[in-house]
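Listed below are the residues making up each chain.
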Amino acid sequence: MNGPGKSDRPIVPRKAPNKASPEAAEGLEGRGRAKRNSLEGATCRTQGRTTQGEHVPSALERVRQAARRDREQRFTALLHHVCDTGRLREAYKRLNPKAAPGVDGQTWQHYGENLESNLQDLADRLHRGAYRARPVRRAHVPKPDGRQRPIGVPTLEDKIVQRAVVEVLNAVYEVEFVGFSYGCRPGRSQHDALDALSVGITRKRVNWVLDADIRGFFDTLDHGWLVRFVEHKIGDQRIVRLIKKWLRAGVLEDGRRVRSEVGTVQGGSVSPLLANIYLHYVLDLWLQQWRRRAHGDVVAVRYVDDFIVGFEHREEAERFLAELRDRFAQFGLTLHPDKTRLIAFGRQASKPRGGRGGGKPETFDFLGFTHICGRSRRGEFQVRRRTMRQRMQRKLHEVRTELRRRMHDPVPEQGKWLASVVQGHCRYYGVPLNSQRLQAFRLAVIRHWHRALRRRGQQHRLNWTRMGRLVARWIPSARICHPWPSLRLNARLKAGAV
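Treat the numbers as computed from the prediction; the structure is a model and nothing was measured.

### A look at the overall build of the chain
Each helix and strand in the chain was counted, giving 18 helices and eleven strands. The burial tally for the chain puts 46% of its 498 residues in the buried class. When contacts within the chain are restricted to residue pairs at least 6 apart in sequence, those whose partners lie at least 24 apart make up 69%. Of the accessible surface of the chain, which amounts to about 27200 Å², a share of 47% is contributed by carbon and sulfur atoms.

Below you can see the structure in the form of structure tokens.
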């Protein structure tokens, strides 16, 4: 009569999290799982204790299920997922072993010599709140327009913690993000964004395209607004403090530490996620509401800070552009006046231009491809994608420069490297209707290689017959690697991946 009931626990929790909903996924619990407990329970230690065929979700899967079930829920206890040494170990293994070190000079190999003790010490510091973010080391990479893009190189431990935090927050935000957001999200790639854009313009009544560019987005992102956006879903202030530490760590450039109240350094694992969170509230949700009020068709695709919006009516496109400028001004963002364009593009775009003698419709660039209005052999409208001329020329310049450096390396080594270059180029740019640009790139690589081999000595005997044998041995043919956009998008829709 006085025995323990089904819902009794041998050990009860001392306290519950503040301001948590009754179904909070991260509640503090005692031992002994009750029948109607919240989702946060310990996974069975042995497979034999579960019934045959029963699926036991992982800790992050339970977080994901809770986020999907209650879209208004705030997560108040997430740090223990980050402090897990197993997750930190996986984050370490996913780092690039050849990446440049940060300001502390710590390399991937040196840190791995005492990996377990280092990870345990890192987990303890995270749990105690003793973890300190280090300033990032400033580096510069060339941009397509000839300018230099500033990027940051975080320390190795900052990279590990950021990757762990991103994995945990993805379980929360993947349910929250909208469908037309593709940048730096699990299971979504640049080609998924390109497919969605091509199919959207082809199937919808799109006649005008807004090619938008945010001026210095990563440099002007407001810290105050970003923290407020994060706190909409994340109630665990320990996670919020970690993000604040990274934002305020500053940049070490020319031996001087520079701090700023705006911007997030490109190069860290957490920067793309923070950018997606910021634009989710500033752009995506607002665009969804705007699209519902539109009279014509509106399609949108965003990849991090690059986005394309297609419209049926020019009046709505111009009104959207004006309201978008006002919307961005409220959050410290501006559109680049020279790179933001509203162009006639789509199924009906060529007819009015042709009637006025304006020639072919304009083109726009997105994710390395120039998008062109075209017609199929049956006369149907289609979006043709070509490799951007600037990207192709820049890559060929890099190949020519590297061949000069490798001029006296053995021919097999040169051939293996060039084979990887051509294969990598085709794997990204090998889309339907782009075979001419692929062939042009391959032929240009062959010519650069031939010229480099002839310069190895004054008495060369490398004619094109011998060069042809080297090409057949080492340089792969240019092939289309990707299916038609509609086929891949339909397959993803069937699989429920979109």
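### Some points on the pairing of strand β10 (residues 369-375)
Across the seven residues of β10, five count as buried, placing the element largely inside the fold. Pairing between strand β9 (residues 364-366) and β10: three bridges, direction antiparallel. Following the sheet pairing, Phe364 is matched in β10 by His371. Relative to strand β11 (residues 381-387), β10 runs antiparallel, the two being bridged by seven bridges. Among the inter-strand pairings, Arg375 is bridged to a residue of β11, identified as Phe381. The antiparallel hairpin formed by β10 and β11 contains five residues in its connecting segment, where Gly379 sits at a positive phi of about 85 degrees.

### Focus: the side chain of Ser198
With respect to the secondary-structure elements, Ser198 resides in helix α7 (residues 190-203). Using a relative accessible area of 6% as the deciding quantity, one classes Ser198 as buried. Those residues in contact with Ser198 that sit more than four places away from it in its chain are Val383 and Pro485.

### Overview of a nonpolar patch on the surface
A contiguous nonpolar patch, built from Leu433, Trp484 and Leu487 and spanning about 290 Å² of accessible area, is present on the exposed surface. Among the secondary structure elements, Leu433 is positioned in the loop between α15 (411-429) and α16 (435-454). We classify Leu433 as partly exposed; its relative accessible area is 32%.

### Notes on helix α1 (residues 59-69)
All buried positions along α1 are accounted for by Leu60, Arg62, Val63, Ala66 and Ala67. Viewed end-on, α1 has its buried residues packed into an arc of 155 degrees, placing them on one side of the element. Elements that come into contact with the buried residues of α1 comprise α2 (79-82), α3 (85-93) and α6 (156-173).

### Quick look at empty space enclosed by the protein
On inspection of all chains with the given rule, the structure shows one cavity of 30 Å³ or more. Approximately 160 Å³ is the volume attributed to the largest cavity. Forming the walls of the largest cavity are 16 residues, and the residues nearest its centre are Val136, Gln162, Trp246, Thr264 and Val265. Those elements giving two or more residues to the lining of the largest cavity turn out to be α6, α10 (237-248) and α11 (271-293). Here the residues of the lining of the largest cavity sort into nine nonpolar, five polar and two charged.

### Section: the side chain of His191
Structurally, His191 can be placed in helix α7. On the accessibility criterion, His191 (7% relative accessible area) is buried. Looking at His191, its side chain comes within polar contact range of the main-chain oxygen of Tyr428, at 2.8 Å. The residues touching His191, leaving out its near neighbours within four places in the chain, are Phe369, Arg427, Tyr428, Val431, His482 and Arg488.

### Some details on the packing of α16 against helix α17 (residues 464-474)
Running from amino to carboxyl end, α16 crosses α17 at an angle of 125 degrees, the nearest separation of the two axes being 11 Å. With respect to each other, α16 and α17 are oriented oblique. Viewed along their axes, α16 and α17 form a crossing whose handedness is right-handed. Here Arg442, Ile446, Trp449, His450 and Leu453 of α16 lie close against α17, whose contacting residues are Trp464, Met467, Leu470, Val471 and Trp474. For the contact of α16 with α17, the per-class residue count stands at eight nonpolar, one polar and one charged.

### Some details on the packing of aromatic side chains
Applying the stated rule across the entire model yields 19 aromatic pairs. Ring centres of Trp225 and Phe331 lie 4.7 Å apart, and the angle between their planes is 65 degrees; this geometry places the pair in the edge-to-face category. Taken together, the residues Trp225 in helix α9 (residues 223-233) and Phe331 in the loop between α12 (314-330) and β8 (341-344) connect sequence positions 106 residues apart. Classification of Trp225 as partly exposed rests on a relative accessible area of 26%. Residue classification places Phe331 among the buried positions, given a relative accessible area of 8%. Taking 6.1 Å as the distance between ring centres and 85 degrees as the angle between the ring planes, the aromatic pair formed by Trp290 and Phe311 counts as edge-to-face. With Trp290 in helix α11 and Phe311 in strand β7 (residues 306-311), this pair connects stretches of sequence that are 21 residues apart. Side by side, Trp290 and Phe311 carry an identical accessibility label, which is buried. Each residue in the set Phe217, Phe218, Trp225, Phe229, Tyr278, Tyr281 and Phe331 is aromatic and connected to the rest through ring pairs, giving one cluster.

Conventions used here
- Residues numbered from 1 in each chain as written.
- Predicted model: local features only at pLDDT ≥ 70, side-chain atom pairs only at ≥ 80, totals over all residues.
- Heavy atoms only, no water.
- Helix = DSSP H or I, 4+ residues; strand = E, 2+ residues; numbered from the N terminus.
- Buried < 20%, exposed > 50% of the residue type's maximum accessible area, 1.4 Å probe, protein only.
- Contact = heavy atoms within 4.5 Å.
- Areas by Shrake-Rupley, 256 points an atom, 1.4 Å probe, with all protein chains shown as cover.
- Pairing = 2+ DSSP bridges.
- Patch = residues over 30% accessible without salt bridge, like charges linked within 9 Å, V, L, I, M, F, W, Y side chains within 5 Å.
- Salt bridge = Lys/Arg side-chain N within 4 Å of Asp/Glu carboxyl O.
- Arc of directions from axis to C-beta.
- 1 Å grid on protein atoms, 1.4 Å probe; cavity = no way out; pocket = protein on both sides within 12 Å on 5 of 7 lines; lining within 4 Å.
- Points joined across faces, edges and corners; volume = space filled by probe spheres on them.
- Nonpolar A, V, L, I, M, F, W, Y, C, P; charged D, E, K, R; others polar.
- Polar contact = N/O pair within 3.5 Å; in protein donor to acceptor, adjacent residues only side chain to side chain.
- Axes fitted to C-alpha atoms, helices over the stretch in contact; angles between N-to-C directions.
- Parallel < 35°, antiparallel > 145°, perpendicular 65-115°, else oblique.
- Left-handed = near helix turned anticlockwise from the far one by under 90°.
- Phe/Tyr/Trp six-rings, centres within 6.5 Å; stacked < 30°, edge-to-face > 60°.

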